[in-house]
Amino acid sequence: MKALDTDPVSRWRVLGLAASIAMLTAGSLTACAPASDRCLPAPLAASPAEVRPGESLTVESQAVECDLGYEDGATYSVVVISSSGEKSEEVDVPVERDGSFSTDVVVPESFPDGHASVVVSGSAYDDCGDDSGSCAAYTIEVMIES
């Protein structure tokens, strides 16, 4: 068996492996990685998942165990946006300090069939904390069916 430094094929394999490890390590250290200590609201729930135009749906989120930093009197704004861009009436809803809330939103009679997004504004998801413009949205999808 030849020594590693005299076998050109083995040398290229080792260099390729080293380059791959270096790229993976560098990729895991980028500033795009989420902060593990950031407190975010719990996922949204919407029921029913399929709703008819003119009916209401309930949008809610459970409590979280971390401190969201919300004061008494905090509110979210909730709106349903159709696939064509039409919006429901915006509903302002009180939010508990633990991030929990529940509200009903009426889907307008004029909404077309298809996917729609329930968008919640005023949460920690709106606070990017940087100038990258890459904020996550606090949303959940529902289906509009007449």
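A brief structural summary. Counting from 1, residues in each chain are numbered in the order their sequence is written. Under the rules for a predicted model, residues below a pLDDT of 70 receive no local features and side-chain atom pairs below 80 are neither given nor counted, while totals for whole chains, interfaces and linings still include all residues. Think of the side-chain values as coming from all heavy atoms in the structure, minus any hydrogens and water.

### Details of the overall build of the protein
Here is step 1: Only DSSP runs of H or I covering at least 4 residues are called helices, and only runs of E covering at least 2 are called strands; the numbering of each starts at the N terminus. The secondary structure content of the protein amounts to one helix and eight strands.
Here is step 2: In the protein, the succession of helices and strands from N to C terminus is α-β-β-β-β-β-β-β-β.
Here is step 3: A simple rule labels every residue: compare its accessible area, found with a 1.4 Å probe on the protein chains alone, to the largest value its type can have, and call it buried under 20%, exposed over 50%, or partly exposed in between. Per-residue burial over the protein gives 30% buried out of 146 residues.
Here is step 4: In the protein, the share of contacts with a sequence separation of at least 24, taken over all contacts with a separation of at least 6, comes to 65%.
Here is step 5: As presented, the protein carries roughly 9,500 Å² of accessible surface, and 54% of it is formed by carbon and sulfur atoms. By definition, residues are in contact when any of their heavy atoms lie within 4.5 Å. What sets the accessible areas is the Shrake-Rupley method with a 1.4 Å probe; for residues, cover comes only from the shown protein chains.

### As for the side chain of Ser82
Here is step 1: Mapped onto the elements, Ser82 comes out in strand S4 (residues 75-82).
Here is step 2: What makes Ser82 buried here is its relative accessible area of 6%.
Here is step 3: Here Ser82 is in contact with Phe111, Pro112, His115 and Ala116, once residues within four sequence places are set aside.

### Remarks on the sheet that holds strand S6 (residues 101-106)
Here is step 1: Any two strands between which DSSP finds at least two bridges are classified as paired. Strand order in the open sheet formed by three strands is S1-S3-S6, and the pairing between neighbours is antiparallel. A strand with exactly one partner marks an edge of an open sheet, and here the two such strands are strand S1 (44-47) and S6. Neighbouring strand axes in the sheet, compared pairwise and without regard to direction, differ in orientation by 20 degrees on average.
Here is step 2: As judged from the four bridges shared by S1 and strand S3 (residues 56-61), these two strands associate in the antiparallel manner. Along S3, the bridge assignment pairs Ser47 with Thr58. Axes, fitted as lines to C-alpha atoms, cover a helix only where it is in contact. Angles between the N-to-C directions of the axes lie from 0 to 180 degrees.

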